Amino acid sequence: ADMIDCVTPPGRVRLGIRGTPPFLDEETGGAVVKDESYWTLSDGEIVVFLQKMRKGETWEAALRGRGEVDPITKQEIQKEMMLERFQEENPGFDFRGASFNGSVPDPRTFMDGVKYT
């Protein structure tokens, strides 16, 4: 684990072995919070966790141009984010069984957008 070099400069992720060129140097799907992004090594597998800078933002892919999310999956992701947003803004209510009719709105812009705390 001491040999792993993983950094997340603004809008990128670089991963490799210390002292050698990175084997992964890609743009992320959006801006990330460097201090809240991290990696783990488990059973010989490296897992990188990227914390999004903008709450409620739906990325097309974790790495720009790689494996873009299909429209149905994007709708499901937006639904989950909208329900999380509703729960956060209305802590006394339970939205677990809530559903949307038709297209799910963008959680970043719906009704004045996401509130940051």
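Trainee: Help me out: how do you make sense of a nonpolar patch on the surface in this one?
Mentor: Together, M3, I17 and F23 line one region of the surface with nonpolar side chains, adding up to about 320 Å² of accessible area. Among the secondary structure elements, I17 is positioned in strand 2 (residues 12-17).

Trainee: What's the story with the packing of aromatic side chains in this structure? I'm lost.
Mentor: Geometrically, a pair of aromatic rings is defined through the distance of the ring centres and the angle of the planes. In the structure shown here, the tally under the stated rule is four aromatic pairs. Ring geometry for F93 against F95: centres 6.3 Å apart, planes inclined by 45°, an arrangement best described as tilted. Judged by its relative accessible area of 55%, F93 falls in the exposed class. An aromatic cluster is defined as three or more aromatic residues linked by ring pairs; in this entry it consists of F86, F93, F95 and F100.

Trainee: Is there a simple way to think about the confidence of the model for the chain in this case?
Mentor: When pLDDT is low, close inspection of the predicted coordinates is not appropriate. For the chain, the average pLDDT comes to 86, and 96% of its residues sit at 70 or higher. The secondary structure element of the chain with the lowest average pLDDT is helix 1 (residues 71-89), at 85, and the one with the highest is strand 3 (residues 24-27), at 95.

Each value, and the rule that gives it
- Residues numbered from 1 in each chain as written.
- Predicted model: local features only at pLDDT ≥ 70, side-chain atom pairs only at ≥ 80, totals over all residues.
- Heavy atoms only, no water.
- Patch = residues over 30% accessible without salt bridge, like charges linked within 9 Å, V, L, I, M, F, W, Y side chains within 5 Å.
- Areas by Shrake-Rupley, 256 points an atom, 1.4 Å probe, with all protein chains shown as cover.
- Salt bridge = Lys/Arg side-chain N within 4 Å of Asp/Glu carboxyl O.
- Helix = DSSP H or I, 4+ residues; strand = E, 2+ residues; numbered from the N terminus.
- Phe/Tyr/Trp six-rings, centres within 6.5 Å; stacked < 30°, edge-to-face > 60°.
- Buried < 20%, exposed > 50% of the residue type's maximum accessible area, 1.4 Å probe, protein only.
- pLDDT = per-residue confidence, 0-100.

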